[in-house]
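# Secondary and tertiary structure notes
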Amino acid sequence: FRRVLFRSMAFMERVWRVRGIGDFWSHMLVAEGAVDIAAEPKLALWDMAPLSIIVSEAGGRFSDLEDNYGAFGSSGVSSNGYLHSSFINALKP
């Protein structure tokens, strides 16, 4: 548990978090290229379906926190594609 907590804390110290309007705004900023990564720990399919399409069409990557591609998980992570695997791996124990 301590190792997981330490890795999570070390990662959190390197990022900046802002809560957007609703569940979609931060992901739209990823699609626009204004931010590099956005994550939501809990989303519904109707929230994620358009995000997955928009981010992917913009050249990014969308998955859940377990790195399952698309909008069928219970969480959402969108990125510019380059940081996606690093972010997902930083969250693993």
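Bear in mind the structure is a predicted one, so any value in this text is a computation, not a measurement. (Residues numbered from 1 in each chain as written. Predicted model: local features only at pLDDT ≥ 70, side-chain atom pairs only at ≥ 80, totals over all residues. Heavy atoms only, no water.)

### Section: the sheet that holds strand S1 (residues 37-40)
Spatial strand order, S1-S3-S2: three strands in an open sheet with antiparallel pairing. With partners counted over all chains shown, the strands left at the sheet margins are S1 and strand S2 (61-63), one partner each. Taking each pair of neighbouring strands and ignoring which way they run, the sheet shows an average axis angle of 10°. Relative to strand S3 (residues 76-79), S2 runs antiparallel, the two being bridged by three bridges. Looking across to S3, one finds that Arg-61 is bridged to Ser-79. (Pairing = 2+ DSSP bridges. Helix = DSSP H or I, 4+ residues; strand = E, 2+ residues; numbered from the N terminus. Axes fitted to C-alpha atoms, helices over the stretch in contact; angles between N-to-C directions.)

### Remarks on the packing of aromatic side chains
Here the structure, examined in full by the defined rule, presents one aromatic pair. Ring centres of Phe-24 and Trp-25 lie 5.9 Å apart, and the angle between their planes is 85°; on these two criteria the pair is classed as edge-to-face. We classify Phe-24 as partly exposed; its relative accessible area is 40%. Trp-25 sits in the partly exposed class, given a relative accessible area of 40%. (Phe/Tyr/Trp six-rings, centres within 6.5 Å; stacked < 30°, edge-to-face > 60°. Buried < 20%, exposed > 50% of the residue type's maximum accessible area, 1.4 Å probe, protein only.)

### Considering unusual backbone geometry
The phi dihedral of Asp-67 is positive, around 70°, even though this residue is not glycine. Counting through the fold element by element, Asp-67 comes out in the loop between S2 and S3.

Function cannot be read off these values alone, since they describe shape.
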